[in-house]
Protein chains: 2
Amino acid sequence: MRWWGWGVDGHDAPLPRAAAALLRDELGMDGAHAAPVALDRVELAEPALQAAARAQLATAVGGYEHVRDDRLTRITHAAGRSYPDLLRLRSATGLTAPDAVVYPADHDETAAVLAICAKHAIAVVPFGGGTSVVGGVEPDSGPHHAAISLDLARLTGLHALDTRSQLATFGAGTLGPQVERLLHEHGLTLGHFPQSFEFSTAGGWAATRSAGQASTGYGRIDELVVALRAATPSGELTTRTVPASAAGPDLRELLLGSEGTLGVITEVTLRVRPRARHHRYDAYALPGFAAGTNALRELEQAGAAPDVARLSDEEETRLSLALASRPAATRLLRTYMDARVRHAGGHRDRPHRPAGCMTILGFDGDATEIARRRARARRILRRHGAVALGPAPGATWAKSRFHGAYLRDELMGRGVLVDTLETATTWTDLDGLHHAVRWALGAALAARGTPAMVMCHVSHLYPTGASLYFTFLARQEPGAQLAQWRAAKLAASEAISAAGATITHHHAIGRDHAPWLEAEVGPLGIAALQAVKARVDPTAIMNPGKLLP
Amino acid sequence: MRWWGWGVDGHDAPLPRAAAALLRDELGMDGAHAAPVALDRVELAEPALQAAARAQLATAVGGYEHVRDDRLTRITHAAGRSYPDLLRLRSATGLTAPDAVVYPADHDETAAVLAICAKHAIAVVPFGGGTSVVGGVEPDSGPHHAAISLDLARLTGLHALDTRSQLATFGAGTLGPQVERLLHEHGLTLGHFPQSFEFSTAGGWAATRSAGQASTGYGRIDELVVALRAATPSGELTTRTVPASAAGPDLRELLLGSEGTLGVITEVTLRVRPRARHHRYDAYALPGFAAGTNALRELEQAGAAPDVARLSDEEETRLSLALASRPAATRLLRTYMDARVRHAGGHRDRPHRPAGCMTILGFDGDATEIARRRARARRILRRHGAVALGPAPGATWAKSRFHGAYLRDELMGRGVLVDTLETATTWTDLDGLHHAVRWALGAALAARGTPAMVMCHVSHLYPTGASLYFTFLARQEPGAQLAQWRAAKLAASEAISAAGATITHHHAIGRDHAPWLEAEVGPLGIAALQAVKARVDPTAIMNPGKLLP
């Protein structure tokens with residue numbers, strides 16, 4: 001991945017002309033391009049790792065070629081891929097690079113690295129794909145004199161496959177596309193496609209409780225991880241590969257979401273299944289967000305949910321239309337929305353605007369089963385006023401499903417604040433939460449003189465509730481980009497926490513959400529996690545500053 | 001529940017004549033009846049609770065009527081309902097009764113009781129329905145001078161209902177039938193039916209990670225508990241009512257299966273759903289257990305599993321036939337089995353016996369959906385050689401689904417050792433595990449001169465594996481009943497543990513499985529749990545001797 005942004009060079013995402021015009025009109029984006037600084041202008045402190053420790057690490061991982069402290073390696077491990085991370089990278093200010101990046105080859109070498117780091121009081125930051133958007137891979141040395149990134153790039157591959165039991169064991173560092181490629185050879189799939197899919201790893205998904213775009217159908221990563229192996233400073237923590245157990249508290253669930261603060265997940269055993277032969281996407285227009293959430297709730301509670309379910313709110317629907325690079329795909333939606341004109345309240349000056357919401361439903365499977373499920377879903381949606389828009393919008397979405405992260409670089413280059421955040425709550429509280437977070441973000445950014453676009457979609461369905469995924473954009477506040485972002489993030493997080501929702505549905509806690517964890521799990525919940533950490537990581541070398549306050 | 005056995009008086013389960021004959025022939029059961037000793041012959045130590053502590057407890061729970069130490073109350077809290085528990089109760093030997101039984105009215109009173117017990121060094125044994133079959137409610141005072149049973153009988157009822165989000169919050173002490181009755185008033189069901197259903201509680205299910213007879217369709221209790229509230233000696237532990245979260249390790253999963261060793265679950269919020277209008281059971285005969293497990297695996301992995309799935313092995317099928325009290329229901333099966341005669345190896349002298357396995361599939365829902373699912377299941381089963389037996393065997397099973405526990409009293413009265421144990425493993429390891437446990441139980445009991453019947457059924461299906469539920473019977477060894485049982489239990493547990501399976505799929509750990517937990521979760525897994533316990537229960541008053549070594 002390129003050091004200052006998302007993806008690799010040559011895979012840029014130029015902003016469509018209509019989108020640029022819209023952002024200029026609504027946010028005041030001035031269109032000037034600001035390129036990232038040059039790599040050689042990034043200032044880095046000298047590596048603080050002492051020679052003795054460095055030598056021991058090299059011995060543990062098979063040589064100095066696996067203990068790197070060259071400039072590019074350190075910078076590519078200096079941050080994740082959150083908006084504040086990208087701000088700091090692009091401007092080369094406020095960066096802390098690890099003192100070295102260590103690449104163990106397997107579980108045992110990982111354990112050896114932890115032992116050396118514990119002895120020498122070196123912080124260890126586990127690093128899978130480095131795609132954290134919550135500061136999860138920040139090389140924070142905590143109370144220690146140095147910090148290494150422990151990069152899992154060598155712990156890759158399919159270690160075991162049991163097709164009869166539909167179980168596949170992967171090295172933690174295996175990247176998303178490699179997971180799928182290795183499974184495809186056996187006609188199998190994991191079905192886990194977070195937006196970071198191209199650059200994130202199986203172990204990283206487990207460590208952060210990832211959810212993928214098809215998790216409504218395939219399940220979240222916590223439902224797909226059957227067993228885990230982890231190295232900790234106090235030894236190995238491995239759970240048995242059994243389908244279910246009543247043998248006490250589930251330790252698998254203690255490692256899932258532990259974000260490298262307890263140890264390093266080195267291997268994950270995943271539930272896999274036969275790869276679907278067909279995928280079919282349907283799009284529908286709905287009269288509004290409330291009608292849409294009712295329709296999706298009914299689908300899910302009737303056992304009729306699709307594998308992929310997205311419902312954009314009015315604002316996201318309007319902006320998707322405006323930003324669409326293939327207008328043909330959305331012509332029907334435009335007609336629908338133009339026909340439904342509503343009075344828009346709030347902070348902008350348009351008394352009337354097109355109204356309506358779009359939902360995309362994706363179905364995987366064999367043709368007969370897909371046809372049956374689509375028909376059933378259609379019957380339910382129609383009761384809620386849905387109008388079918390055909391396959392084009394869904395196909396367009398599916399084609400560009402990992403595209404959003406690329407677009408962010410382009411927007412930041414044009415001086416636009418762009419970030420996403422997500423939460424989940426019960427169906428009963430969903431509309432109130434939607435309103436509260438939209439209002440909090442809008443108010444926080446308007447108060448700084450940078451009025452925002454705030455859009456949202458329902459991204460995952462559960463019988464008891466759903467997740468909301470917000471995207472917000474505003475003109476950057478020159479010279480105060482970080483403070484501006486912090487104000488928006490604070491407002492949204494407070495709104496989420498006050499509403500009794502979860503501070504994160506799939507981005508994890510990291511550094512950025514840590515202030516809200518106590519409100520969510522209570523002081524005794526924090527204390528229980530701290531007690532586990534103190535036992536398995538007694539010198540607190542594992543990923544300082546993340547997850548726990 | 002009557003103090004020496006299962007259920008209430010007047011609900012006896014007399015042994016059918018054919019069954020008595022079979023047990024006489026195959027086990028050497030002599031038919032003599034041994035009644036339990038009279039209640040007034042049970043010897044109990046004087047209550048050790050000091051007057052000051054007793055007075056404080058009475059104040060905390062609203063009066064002395066909620067701090068009981070009468071003889072019957074103490075005896076009914078002296079043991080769970082395992083085979084060794086019932087041995088000790090019937091013979092009135094080796095019993096330890098709690099020094100008092102305390103009945104708080106709500107969460108706050110529960111917290112107050114824990115505070116008083118922590119101050120006075122009194123062990124606390126949470127007690128829901130008292131149906132543990134693993135020694136989970138044993139009033140062990142551990143290092144303390146006294147032990148109370150904390151009975152949750154007053155923490156009952158439906159505290160909150162959110163029909164839109166399909167969430168219902170119950171007091172932890174609410175009994176199974178009451179849970180369903182309260183939900184039925186709203187057209188809802190939980191769908192959780194462990195064999196102990198009539199006498200076990202919502203909080204007990206959560207504390208022990210219970211699975212019910214319909215868990216293949218409705219999910220295990222860990223999938224149905226959305227949120228929990230618990231009182232611990234260090235304060236409250238409450239999880240948020242959200243459908244899913246990526247906010248760190250899942251603390252809900254730390255309380256599930258904690259078996260009262262961390263605190264007292266006082267309230268559970270459960271996922272509920274509309275009550276099915278129809279239930280339909282189908283039975284099939286299959287050529288053998290391996291064919292049966294293949295068929296069930298294919299059903300489950302194709303997403304075509306029923307809500308209830310049971311597959312009896314050859315021995316359980318044979319004995320079900322012999323013990324059937326309604327022969328008409330099994331006539332077809334008998335014909336099938338007689339037609340398939342196989343050579344029986346092993347330790348008994350019958351060169352040939354009827355062969356085949358029976359499976360029962362139960363479907364809940366509306367009539368159309370049930371018809372579709374039944375047809376799909378039938379197609380798959382037929383590919384594995386299944387022959388349809390019609391609805392009668394399933395209906396018979398459903399009618400007597402909670403009956404097994406009653407029958408145990410009758411068998412013990414006739415000098416028969418009878419116990420069950422359960423485990424789970426992957427599909428790949430299932431047949432090997434089945435063989436290993438059958439062999440271990442058979443050999444251990446044969447070695448003591450009491451040859452056994454060992455039967456088994458698959459009771460819950462998962463995409464990656466299934467659970468096995470074993471029942472074993474033998475003539476009791478006079479004067480050494482406990483030693484005889486221990487030998488069998490040890491042999492089976494060692495076989496399960498050595499096979500890499502879980503020591504318990506739904507009976508929990510309690511006292512009886514505690515020696516095998518470390519093999520399952522590793523020494524560091526134990527240490528992590530101990531660290532949590534030390535933090536939330538620093539004086540170790542919570543349920544000593546259970547779960548952790």
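No experiment lies behind these values; they were computed from the predicted model shown.

The next thing to look at is the overall build of chain A. Along chain A, the regular secondary structure elements total 19 helices and 20 strands. For chain A, the residues scored as buried account for 62% of the 549 residues in total. Long-range contacts, defined as pairs at least 24 residues apart, comprise 76% of the intrachain contacts of chain A with a sequence gap of at least 6. As presented, chain A carries roughly 19000 Å² of accessible surface, and 53% of it is formed by carbon and sulfur atoms. Here chain A holds 57 positive side-chain charges and 55 negative ones, and the gap between their average locations is 6 Å.

Here chain A sits on chain B after a turn of 180° about the axis and a move of 0.0 Å along it, with an RMSD of 0.0 Å. Those values place the two copies in the arrangement expected of a two-fold rotation axis. Take the interface residues of chain A: 100% of them recur as interface residues in chain B, which is what a same-surface contact looks like.

Looking now at the packing of helix H12 (residues 314-323) of chain A against helix H13 (residues 331-339) of chain A. Packed helices, taken two at a time, are described by the angle their axes make and the gap between the axes. All names here are of chain A. In the contact formed by H12 and H13, the axes pass within 11 Å of each other and the chain directions differ by 130°. Taken together, the axes of H12 and H13 are oblique relative to one another. When the axes of H12 and H13 are compared, the crossing they make is left-handed. Note on element contacts: H13 touches H12 through Leu 333, Arg 334 and Met 337, opposite Thr 317, Arg 318 and Leu 321. When its residues are assigned to classes, the contact of H12 with H13 shows three nonpolar, one polar and two charged.

With that settled, consider the interface of chain A and chain B. Facing 74 residues of chain A, the contacting portion of chain B comprises 74 residues. Here chain A meets chain B over a buried area of about 5900 Å², counting both sides, of which 60% is carbon and sulfur. The interface formed by chain A and chain B contains 32 residue pairs in polar contact (both at pLDDT 80 or more). The dominant element in the side of chain A that touches chain B, judged by the number of residues it contributes, is helix H19 (residues 517-536) of chain A, at 13 residues. The residue inventory of the side of chain A that touches chain B, partitioned by class, reads 33 nonpolar, 27 polar and 14 charged.

All right, on to the sheet that holds strand S13 (residues 308-312) of chain B then. All names here are of chain B. Within the open sheet, the seven strands sit side by side as S17-S12-S16-S13-S19-S20-S18. Their pairing is antiparallel. Both outer strands of the open sheet, strand S17 (387-390) and strand S18 (416-426), are each paired with one neighbouring strand and no more. Averaged over neighbouring strand pairs, the angle between their axes works out to 20° when direction is ignored. With four bridges joining them, S13 and strand S16 (residues 357-365) adopt antiparallel strand pairing. The partner of Leu 311 across the bridge, within S16, is Thr 359. Contacting strand S12 (278-286), S13, S16, strand S19 (452-462) and strand S20 (465-475), helix H11 (residues 289-301) crosses the sheet at an angle of about 15° to S19. Sheet strands touched by helix H13 (residues 331-339): S12, S16 and S17. Its angle to S17, the strand with the most contacts, is close to 150°.

On to the sheet that holds strand S1 (residues 67-68) of chain B. Sheets are built from strands that pair by backbone hydrogen bonding, the pairs being arranged parallel or antiparallel. All names here are of chain B. With mixed pairing, the four strands of this open sheet are ordered in space as S1-S2-S4-S3. Of all the strands in the sheet, just S1 and strand S3 (122-127) have a single pairing partner and so form its edges. In this sheet, strand S2 (residues 100-102) lies alongside S1 in antiparallel orientation, the contact comprising two bridges. Bridged to Val 67 within S2 is Val 102. Here helix H5 (residues 107-120) sits on the sheet in contact with S2, S3 and strand S4 (146-151), set at roughly 175° to S4.

Following the sequence through the fold, Thr 504 of chain A ends up in the loop between helix H18 (481-498) and H19. Here Thr 504 of chain A falls in the buried class, since its relative accessible area comes to 0%. Every residue in contact with Thr 504 of chain A, bar those within four places of it in the chain, is listed here: Glu 422, Ile 509 and His 513 of chain A together with Ser 245, Ala 246 and Ala 247 of chain B.

Along an α-helix, residues three or four positions apart point the same way, because every turn accommodates 3.6 residues. All names here are of chain B. Those residues of helix H1 (residues 17-27) not exposed but buried are Ala 19, Ala 20, Leu 22, Leu 23, Glu 26 and Leu 27. Angular distribution of buried residues about the axis of H1 spans 160°; they occupy a single face of the element. Within H1, the exposed residues directed more than 90 degrees away from the buried face are Arg 17 and Asp 25. Contacts from the buried residues of H1 go to helix H12 (314-323), helix H16 (404-413), S18, S19 and S20.

What follows concerns the packing of helix H4 (residues 83-91) of chain B against helix H18 (residues 481-498) of chain B. Residue and element names in this part refer to chain B. The N-to-C vectors of H4 and H18 enclose an angle of 180°; their axes lie 10 Å apart at closest approach. In this view, H4 runs roughly antiparallel relative to H18, as classed from their interaxial angle. When H4 is examined against H18, the residues Tyr 83, Pro 84, Leu 87 and Arg 88 are found in contact with a partner set consisting of Gln 481, Leu 482 and Trp 485. Grouping the amino acids of the contact of H4 with H18 by side-chain chemistry returns five nonpolar, one polar and one charged.

Looking at chain A, the pLDDT average stands at 94 and 97% of residues meet or exceed 70. Model confidence for the complex is summarised by a pTM of 0.96, with the ipTM given as 0.95.

The tally for this structure, following the rule as stated, stands at 49 salt bridges over all chains. Across the pair Arg 438 of chain A and Asp 313 of chain A runs a salt bridge whose closest N-O atoms are separated by 4.0 Å. Pair noted here: Arg 438 of chain A is in helix H17 (residues 427-446) and Asp 313 of chain A is in the loop between strand S13 (308-312) and H12, with a separation of 125 residues, a long-range link. Judged by relative accessible area, which is 27%, Arg 438 of chain A ranks as partly exposed. In this structure, Arg 511 of chain B and Asp 512 of chain B form a salt bridge, with 3.0 Å as the shortest nitrogen-oxygen distance. Look at Arg 511 of chain B and you get partly exposed, because its relative accessible area is 27%.

Taken as a whole and judged by the stated rule, the model has eight aromatic pairs over all chains. Measuring from ring centre to ring centre gives 5.4 Å for Phe 197 of chain A and Phe 402 of chain A, while their planes differ by 20°; the resulting arrangement is stacked. Placement of the pair is Phe 197 of chain A in the loop between strand S7 (188-189) and helix H7 (202-208) and Phe 402 of chain A in the loop between helix H15 (392-399) and helix H16 (404-413), with a sequence separation of 205 residues. Ring geometry for Trp 6 of chain B against Phe 199 of chain B: centres 5.4 Å apart, planes inclined by 85°, an arrangement best described as edge-to-face. Here Trp 6 of chain B is found in the segment before H1, whereas its partner Phe 199 of chain B is found in the loop between strand S7 (188-189) and helix H7 (202-208), with 193 residues between them in sequence.

Before going further, it helps to examine the pairing of strand S19 (residues 453-462) of chain A. Residue and element names in this part refer to chain A. Taking burial as the measure, the 10 residues of S19 include 10 buried ones, the bulk of the element. Examined bridge by bridge, S13 and S19 share two bridges and lie antiparallel to one another. When the sheet's bridge partners are listed, Leu 311 is paired in S19 with Val 458. As paired strands, S19 and strand S20 (residues 465-475) are joined by eight bridges and run antiparallel to one another. Bridge assignment links Val 458 to a residue of S20, and that residue is Leu 468. Counting the residues between successive antiparallel strands, the hairpin from S19 to S20 contains two residues.

Once that is clear, we can look at H15 of chain A. Within the sequence span of H15 of chain A, burial applies to Pro 393, Gly 394, Trp 397 and Ala 398 of chain A. Each buried residue of H15 of chain A sits inside an arc of 135° when the element is viewed along its axis, so together they form one side.

Moving on: the pairing of strand S9 (residues 235-238) of chain A. Residue and element names in this part refer to chain A. As paired strands, strand S8 (residues 225-232) and S9 are joined by four bridges and run antiparallel to one another. Looking across to S9, one finds that Ala 231 is bridged to Glu 236. Hairpin connection of S8 to S9: two residues between the antiparallel strands.

Moving on: the state of the cysteines. The tally for this structure, following the rule as stated, stands at zero disulfides over all chains. Summary of cysteine pairing: Cys 456 of chain B is not part of a disulfide, and the nearest cysteine sulfur, belonging to Cys 357 of chain B, is at 9.8 Å.

The subject of this paragraph is the side chain of Thr 471 of chain A. Note on placement: Thr 471 of chain A falls in strand S20. Beyond its immediate stretch of four places on either side in the chain, Thr 471 of chain A contacts Asp 419, Thr 420, Met 453, Val 454 and Met 455 of chain A.

Glancing now at the environment of Ala 398 of chain A. Tracing the sequence through the fold places Ala 398 of chain A in helix H15. C-alpha of Ala 398 of chain A to C-alpha of Gly 362 of chain A: the two residues are 36 residues apart in sequence and 8.9 Å apart in space.

How each quantity is defined
Residues numbered from 1 in each chain as written. Chains lettered and ligands numbered in written order. Predicted model: local features only at pLDDT ≥ 70, side-chain atom pairs only at ≥ 80, totals over all residues. Heavy atoms only, no water. Helix = DSSP H or I, 4+ residues; strand = E, 2+ residues; numbered from the N terminus. Buried < 20%, exposed > 50% of the residue type's maximum accessible area, 1.4 Å probe, protein only. Contact = heavy atoms within 4.5 Å. Areas by Shrake-Rupley, 256 points an atom, 1.4 Å probe, with all protein chains shown as cover. Lys, Arg positive; Asp, Glu negative; His and termini not counted. Charge placed at Lys NZ, Arg CZ, Asp CG, Glu CD. Least-squares fit on C-alpha atoms with pLDDT ≥ 70 in both. Axes fitted to C-alpha atoms, helices over the stretch in contact; angles between N-to-C directions. Parallel < 35°, antiparallel > 145°, perpendicular 65-115°, else oblique. Left-handed = near helix turned anticlockwise from the far one by under 90°. Nonpolar A, V, L, I, M, F, W, Y, C, P; charged D, E, K, R; others polar. Buried area = accessible area lost by both parts, 1.4 Å probe. Polar contact = N/O pair within 3.5 Å; in protein donor to acceptor, adjacent residues only side chain to side chain. Pairing = 2+ DSSP bridges. Arc of directions from axis to C-beta. pLDDT = per-residue confidence, 0-100. Salt bridge = Lys/Arg side-chain N within 4 Å of Asp/Glu carboxyl O. Phe/Tyr/Trp six-rings, centres within 6.5 Å; stacked < 30°, edge-to-face > 60°. Disulfide = S-S within 2.5 Å.

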